[in-house]
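Overview (structure and organization)
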Amino acid sequence: MAECERLKVRENFYRAFLLDCEFGRGQIYLNIADADEGKRQLPLEISPGGIPKGSLKSIQCFEPYWSTPYSWNAQYPERTDFYKPTSWYIMGRKTHSDRILTFIGREVPDLLKPAYNFSGISMIQLGEMAVNMWLRTRKAVNDLINNYSLLILSTDLGATLEEGGEPGTGLIPRLKALTALRNNQGVNAINKDSEEMAFAEATLAGLDKLQAQSQEHMAAVWGIPLVKLTGVTPSGLNASSEGEITVWYDRVGAMQVRIGQPNLEILLKAIQCSLFGAIDDDLVVHWITLDEPTEKELSEIRKSDADMDTGYINAGVISPDEARTRIQSDPDSGYSNLTGPAPEPEPDPEPTTDPESDASREHESTEADKDRKHELALAKTPPAVPIRAKTGE
């Protein structure tokens, strides 16, 4: 990662993608040490022998204006280099194509490649017609808003156009006078008998939809959601750009793999040769997912995974150690820093008293309560025969 930051890989790849959109081709030159004019013309072997340790000095992205193809195979279509330049002229210096990382996202047919300087179709070419239509629609809508009301003057044109009239009584001076006073603060005076004034107004309903559709068509040519291209969110009830953004992320991911990954794999091998003098096949390219779940979605996923692990453990499908290993290897689990095996489950606490003695004591207590209640009932019951004190007789 430190070497990628030194070489500015992210910045150079970003500019190469941008030049591909603007010109149809982006290129990055691998600046190898001791690559004189003679070595520039030779193929570059991506190996420790072709790129010695410490020889990758820098990489540089340049515009396609400064390069033109030198030679290509135009006779043998069964070969892999058919209509693919084997060498390029970079400002008059012959350079082998192995020393250049070329980005072409929208290729043209083989017969058109020489006419396009072996570039592809740029996004500017694809969207030129839609942009021109959008500009015309925007100007037409603006002109209609500014002139939606037309003043109509009904007058005697025959009398107004007569020659030899007094100065200021012709048609043009009359219209100029009306136009000069045409505002909310002006007053127009007309002849009561020979003139009549009216207004013709155009409806402005639907202009916003026409302008919005023209803008959407411009974004559709490039396959970019309108909210990403212009920052304008969709309008209407329950309108959302979530689906369009998901499709856009899929498109960007496909472009990364199709255009960027072959060049990035070559550069990764060249960096390994320059850093370590060897190529580790275990180092691979992994693109970061653009669509990431929210915190709420992550918590729901973790809860679902916990319920699944609990069910599998209770069913005997997996062991607690296997579930712990899965949690440790998942960076989004929240427990990726755990170490060691899963803890043993705590045993059930042993009873501190004898259940049989407790039951016997409870039985004795119940019997004693019954006896006390019986004695209290006897004490409250009056005797059937009254008791009299004995006398001396």
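Values in this document were obtained by computation on a predicted structure and should not be read as measured data.

What counts, and at which threshold
- Residues numbered from 1 in each chain as written.
- Predicted model: local features only at pLDDT ≥ 70, side-chain atom pairs only at ≥ 80, totals over all residues.
- Heavy atoms only, no water.
- Phe/Tyr/Trp six-rings, centres within 6.5 Å; stacked < 30°, edge-to-face > 60°.
- Helix = DSSP H or I, 4+ residues; strand = E, 2+ residues; numbered from the N terminus.
- Buried < 20%, exposed > 50% of the residue type's maximum accessible area, 1.4 Å probe, protein only.
- Contact = heavy atoms within 4.5 Å.
- Polar contact = N/O pair within 3.5 Å; in protein donor to acceptor, adjacent residues only side chain to side chain.
- pLDDT = per-residue confidence, 0-100.
- Patch = residues over 30% accessible without salt bridge, like charges linked within 9 Å, V, L, I, M, F, W, Y side chains within 5 Å.
- Areas by Shrake-Rupley, 256 points an atom, 1.4 Å probe, with all protein chains shown as cover.
- Salt bridge = Lys/Arg side-chain N within 4 Å of Asp/Glu carboxyl O.
- Lys, Arg positive; Asp, Glu negative; His and termini not counted.
- Charge placed at Lys NZ, Arg CZ, Asp CG, Glu CD.
- Core = buried A, V, L, I, M, F, W, Y, C linked by side-chain atoms within 4.5 Å.
- Pairing = 2+ DSSP bridges.
- Axes fitted to C-alpha atoms, helices over the stretch in contact; angles between N-to-C directions.
- Parallel < 35°, antiparallel > 145°, perpendicular 65-115°, else oblique.
- Left-handed = near helix turned anticlockwise from the far one by under 90°.
- Nonpolar A, V, L, I, M, F, W, Y, C, P; charged D, E, K, R; others polar.

On inspection of all chains with the given rule, the structure shows eight aromatic pairs. Consider the rings of Tyr 70 and Tyr 89, whose centres lie 5.0 Å apart with planes at 80°: the pair is edge-to-face. Highlighted residues: Tyr 70 in strand β3 (residues 67–71) and Tyr 89 in strand β4 (residues 87–90), separated in sequence by 19 residues. Classification of Tyr 70 by relative accessible area gives partly exposed; the value is 38%. Counting every residue linked through ring pairs, the aromatic cluster contains Trp 72, Phe 82, Tyr 83 and Phe 118.

Turning our eyes to something else, we now look at the environment of Trp 287. With respect to the helices, strands and loops of the structure, Trp 287 is situated in the loop between α9 (242–276) and α10 (295–314). Spatially, the C-alpha atoms of Trp 287 and Gln 256 are 7.8 Å apart, while their sequence positions differ by 31 residues. In this structure, Trp 287 is in contact with Gln 256, Val 257, Gly 260, Gln 261 and Leu 264, ignoring residues within four places of it in sequence. At 3.1 Å, the side chain of Trp 287 and the side chain of Gln 261 are in polar contact.

Predicted coordinates in regions of low pLDDT should not be interpreted in detail. Chain-level pLDDT for the protein chain is 82 on average; 81% of the residues reach the 70-or-more range. Averaged pLDDT values over the elements of the protein chain bottom out at 60 in helix α5 (residues 157–160) and peak at 95 in strand β6 (residues 100–103).

Take a negative patch on the surface next. Taken together, Glu 242, Asp 250, Asp 291, Glu 292, Glu 297, Glu 300 and Asp 332 make up a surface patch of like negative charges. For the negative patch, the secondary structure elements donating two or more residues are α9 and α10. As for its position among the elements, Glu 300 is in helix α10.

The nonpolar side chains of a soluble globular protein tend to be buried with one another. Ranked by internal contacts, the top residues of the largest apolar core, which has 22 residues, are Val 9, Phe 13, Ile 28, Leu 56, Ile 59, Phe 103 and Leu 267. Ranked by residues supplied to this core, first place goes to α9 with seven residues. For Leu 56, the residues in contact, after removing those within four places along its chain, are Glu 3, Arg 6, Leu 7, Asn 31, Ile 32, Leu 267, Ala 270, Ile 271 and Ser 274.

As a further point, take the pattern of salt bridges. Side-chain pairs of opposite charge can arise where the charged atoms are in close proximity. Evaluation of the coordinates by the stated rule reveals ten salt bridges. Across the pair Asp 20 and Arg 106 runs a salt bridge whose closest N-O atoms are separated by 3.3 Å. In this pair, Asp 20 sits in helix α2 (residues 9–23) while Arg 106 sits in the loop between β6 and α4 (123–146), placing the two residues 86 residues apart along the sequence. Judged by relative accessible area, Asp 20 falls into the buried class, the value being 1%. Taken together, the salt bridges that share partners define one network made up of Asp 305, Asp 309 and Arg 326.

Before going further, it helps to spend a moment on a nonpolar patch on the surface. A contiguous nonpolar patch, built from Tyr 65, Trp 66 and Met 91 and spanning about 420 Å² of accessible area, is present on the exposed surface. Position of Met 91 among the secondary structure elements: in the loop between β4 and β5 (93–96).

Across the sheet, three strands lie side by side as β2-β1-β6; this open sheet has antiparallel pairing. Where the open sheet ends on each side, the last strands, each with one partner, are β2 (56–62) and β6. The mean inter-strand angle of the sheet, taken between neighbouring strand axes irrespective of direction, is 15°. Where strand β1 (residues 26–32) lies against β6, four bridges are found, and the strand directions are antiparallel. By the bridge assignment, Gln 27 is partnered in β6 with Thr 102. Across the face of the sheet, α2 comes into contact with β1, β2 and β6 while running at roughly 25° to β2. Of the strands in this sheet, β1, β2 and β6 are in contact with α9, which crosses β6 at around 165°.

With that settled, consider the sheet that holds β4. The three strands are arranged β3-β4-β5 in an open sheet whose pairing can be described as antiparallel. Edge positions in the open sheet fall to β3 and β5, since each of these has one partner strand only. Here the average twist between neighbouring strands, direction ignored, is 35°. Relative to β5, β4 is paired through four bridges, and the arrangement is antiparallel. Counted as the bridge partner of Tyr 89 is Lys 94 from β5.

Here we take up the packing of α10 against helix α11 (residues 320–329). In the contact formed by α10 and α11, the axes pass within 10 Å of each other and the chain directions differ by 160°. Here α10 is positioned roughly antiparallel relative to α11, judged by the angle of their axes. Between α10 and α11 the crossing geometry is right-handed. Of the residues in α11, those touching α10 at Asp 305, Asp 309 and Ile 313 are Pro 320, Ala 323 and Arg 326. Residues belonging to the contact of α10 with α11 are distributed by class as follows: three nonpolar, no polar and three charged.

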